[in-house]
Amino acid sequence: MSHPGLLLRTSWVAVALVVLALLSVRPAGAQGRPDSLARRDSARAGVPADSAAKLRALADSILLEDDPDDDMSLDVPVGIRQSFSVQSLNRGYTIGGNSIAENVGVVTYRWRAADWRLSASASPLRYAGNGTVISGAPPVSGRLDWSFAKGDTLRVYGRSASVPASLDSTQSAALGLVSVSTIDLESFSLGTQAMFGARAAFTFDLGNDVSLGLRGGLEVQPKPTGRSSVYWTGTTVLAGASLGGLAGDLRWSGSVDFSRSSADSLLLPGDSVGRNLFAGGGSLSLGLQLDGPLTSAGDASGVLGLWYQRPIDNDRADQPNRLLPVGDTFGAFVSLDLPIQKLVLSPTLSISRESASDDARTRLVRYRYETSSWAMNAGAALTIPLTSRIDLTPEAGATFGGADAVFTTQLGGGGPRRPGRTSASGFSSSVRGWWAGVELSVSF
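Here the structure is a predicted model, which means the values were calculated and not measured.

**Here's the deal with the overall build of the chain**
1) Next: Each helix and strand counted, the chain has four helices and 18 strands in total.
2) Next: Considering the chain as a whole, with its 444 residues, one finds that 45% of them fall into the buried category.
3) Next: Within the chain, residue pairs in contact and separated by at least 24 positions form 67% of the contacts whose partners lie at least 6 positions apart.
4) Next: Counting every atom, the chain has about 20,600 Å² of accessible surface; 60% of that belongs to carbon and sulfur.

Shown next, in the form of structure tokens:
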């Protein structure tokens, strides 16, 4: 069996060689050290802290205008058009008596011009839990954005299938040990099928520093074959709207987004349960966010957000790769960027909760469940400029929370005198976790 960090070593050697090459060929007359905040925002694949990365993505629009990775309008240092970053991230979570570990390496490349932007990323990983080890990779993704007018953008994008592209029962059970929406793991995307899509966003100026954003998109996943479990959404329609503006130096925005997918359960002849791990239907997402400077000089900034996500017609919510069924999720987060001389300290704090319930009945059987989970994530990242073009960003954080569930099955029953046989099971467990990582980014 390979060592947990073996998947990441090759990437780090490659990055070291790239860095040495860039340092040796640095052009004469290159600009001095650019601002750490601007360079970090233009070069990074996401926000520094792991907990905030997920929550910002949920709180912001799933499309373009408020995309946390959307740096088209950022005031980046002159001369920086490309960036390359490698991140090593390690996580561990325990729910009750079940513990898992994940080791991830994230490689990201970005290129930007006046109206164009290109990005690609890949992330080999190793997941271990319940005596099962999965070595593979989430989907390799890429996208191309064209800003054809101020505030109007067209995006085409796609991703490969994950490795593995399907999951057997042992792998699904291993992921299901801790798979809840209130904690973050890259391994949750294993079993995902290839996808390609397009999205467009349009902005309308309403005056008084207020703008309206309308957006829509279409994603397509070819139907998979085989008999193993897969996560397949079929054809997905996306739509959303946002309203944003300025209140002094603060920027405020509110958004609503809707998605609807056509995928069925992938039921095979002779089977009673389909092999599609997607819960079905779609979702409705709401978000509210404030961001802006914390000082008059504008050298420190913060983001405060609230978000809510509700599944729609997810009639397959209880899946074998999840500890708890999919349910309503909501939360709040705050993230700060605090310069310390030439360094940038980025603390984050977030809290989220998910709850689900269902009552399914047939003529002879009644099945009901009530589940919930919550988590508080606290962490920090420190951006360290090594040279005018190279940043090193270590990060660490911890998770605290809980999860509980009650599953009840009633067989038979014909009235008060014949209540039938009832069986119940469930659990109530604490959630504990941690993450630690480091990222090296090069801008040129």
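**Let's talk about the packing of aromatic side chains**
1) Next: Applying the stated criterion across every chain, the model contains six aromatic pairs.
2) Next: Ring centres of Tyr 369 and Phe 407 lie 6.3 Å apart, and the angle between their planes is 50°; this geometry places the pair in the tilted category. Taken together, the residues span a long stretch of sequence, with Tyr 369 in strand β16 (residues 365–385) and Phe 407 in strand β17 (residues 390–411) at a distance of 38 residues. By the burial criterion, Tyr 369 is buried, and Phe 407 matches it.
3) Next: Put simply, the rings of Trp 116, Trp 146, Phe 148 and Phe 202 pair up and form one aromatic cluster.

**Notes on unusual backbone geometry**
Both trends apply: most residues other than glycine have a negative phi, and most peptide bonds are in trans.
1) Next: With omega at 0°, the peptide bond leading from Val 163 into Pro 164 counts as cis.
2) Next: Positionally, Pro 164 belongs in the loop between β7 (152–159) and α4 (169–175).
3) Next: Of note in this structure, Asn 130 is not a glycine but carries a positive phi near 60°.
4) Next: For Gln 341, which is not glycine, the phi dihedral falls at a positive 60°.
5) Next: The topology assignment puts Gln 341 in the loop between β14 (328–340) and β15 (343–361).

**Topic: the pairing of strand β11 (residues 250–261)**
1) Next: Sheet analysis places strand β10 (residues 235–247) next to β11, joined by 12 bridges and oriented antiparallel. Within β11, the position partnered with Gly 240 by the bridge is Asp 257.
2) Next: From the end of β10 to the start of β11, which pair antiparallel, there are two residues, and Gly 248 there has a positive phi angle of about 70°.
3) Next: In the sheet, β11 pairs with strand β12 (residues 282–293) via 10 bridges, with the strands oriented antiparallel. Within β12, the residue paired with Ser 259 across the bridge is Ser 283.

**Topic: the layout of surface pockets**
1) Next: By volume, the second largest pocket is sized at about 370 Å³.
2) Next: As for the second largest pocket, its lining consists of 19 residues, of which Asp 315, Arg 316, Ala 317, Asp 318 and Tyr 369 are closest to the centre.
3) Next: Counting residues per element, the lining of the second largest pocket draws most heavily on β15, at four residues.
4) Next: In terms of residue class, the lining of the second largest pocket is made up of eight nonpolar, four polar and seven charged.

**Some points on the environment of Ser 296**
1) Next: Assignment of secondary structure puts Ser 296 in the loop between β12 and β13 (301–312).
2) Next: For the pair Ser 296 and Asp 249, spaced 47 residues apart in sequence, the C-alpha to C-alpha distance is 9.2 Å.

**Side note on the side chain of Asn 321**
1) Next: Secondary-structure assignment places Asn 321 in the loop between β13 and β14.
2) Next: With near-sequence residues (within four places) excluded, Asn 321 lies in contact with Ser 172, Leu 175, Gly 176, Ser 179 and Leu 277.

**Looking at the pattern of salt bridges**
1) Next: Summed over all chains, the structure comprises 18 salt bridges.
2) Next: As a salt-bridge pair, Arg 91 and Asp 184 come within 3.9 Å of each other at their nearest N and O atoms. Of the two residues, Arg 91 sits in strand β1 (residues 82–95) while Asp 184 sits in the loop between α4 and β8 (195–207), which places them 93 residues apart along the sequence.
3) Next: For Arg 91, a relative accessible area of 1% puts it in the buried group.
4) Next: Since its relative accessible area comes to 19%, Asp 184 is described here as buried.
5) Next: Glu 354 is the salt-bridge partner of Arg 322, the closest N and O atoms lying 3.3 Å from each other. Taken together, the residues Arg 322 in the loop between β13 and β14 and Glu 354 in strand β15 connect sequence positions 32 residues apart.
6) Next: Overall, the relative accessible area of 2% leaves Glu 354 in the buried class.

**Observations regarding the confidence of the model for the chain**
1) Next: Taken residue by residue, the chain gives an average pLDDT of 83. The fraction at 70 or more is 80%.
2) Next: Contacts for the low-pLDDT stretch residues 42–75, under 50 throughout, to residues beyond four places or in other chains number 109 contacts.

**Here we look at the environment of Ala 378**
1) Next: The topology assignment puts Ala 378 in strand β16.
2) Next: According to the relative accessible area criterion, Ala 378 is partly exposed, its value standing at 34%.
3) Next: As for Ala 378 and Ser 335, which are separated by 43 residues in sequence, their C-alpha atoms are 10.0 Å apart.
4) Next: If we ignore the near neighbours within four places in the chain, the residues touching Ala 378 are Thr 348, Leu 349, Gly 397, Ala 398 and Trp 435.

**Regarding the nonpolar core**
1) Next: Core analysis: the largest hydrophobic core is formed by 30 residues, its most contacted members being Ile 95, Ile 100, Tyr 127, Val 178 and Ile 183.
2) Next: Only β1, β2 (98–112), β4 (125–129), α4, β16, β17 and β18 (421–443) provide two or more residues apiece to this core.
3) Next: Ignoring anything within four residues of it in the chain, the contact list for Tyr 127 reads Ile 100, Ala 101, Thr 132, Val 133, Ile 134, Ala 174, Leu 175, Val 178, Leu 185 and Ser 187.

Definitions and limits used
Residues numbered from 1 in each chain as written. Predicted model: local features only at pLDDT ≥ 70, side-chain atom pairs only at ≥ 80, totals over all residues. Heavy atoms only, no water. Helix = DSSP H or I, 4+ residues; strand = E, 2+ residues; numbered from the N terminus. Buried < 20%, exposed > 50% of the residue type's maximum accessible area, 1.4 Å probe, protein only. Contact = heavy atoms within 4.5 Å. Areas by Shrake-Rupley, 256 points an atom, 1.4 Å probe, with all protein chains shown as cover. Phe/Tyr/Trp six-rings, centres within 6.5 Å; stacked < 30°, edge-to-face > 60°. Pairing = 2+ DSSP bridges. 1 Å grid on protein atoms, 1.4 Å probe; cavity = no way out; pocket = protein on both sides within 12 Å on 5 of 7 lines; lining within 4 Å. Points joined across faces, edges and corners; volume = space filled by probe spheres on them. Nonpolar A, V, L, I, M, F, W, Y, C, P; charged D, E, K, R; others polar. Salt bridge = Lys/Arg side-chain N within 4 Å of Asp/Glu carboxyl O. pLDDT = per-residue confidence, 0-100. Core = buried A, V, L, I, M, F, W, Y, C linked by side-chain atoms within 4.5 Å.

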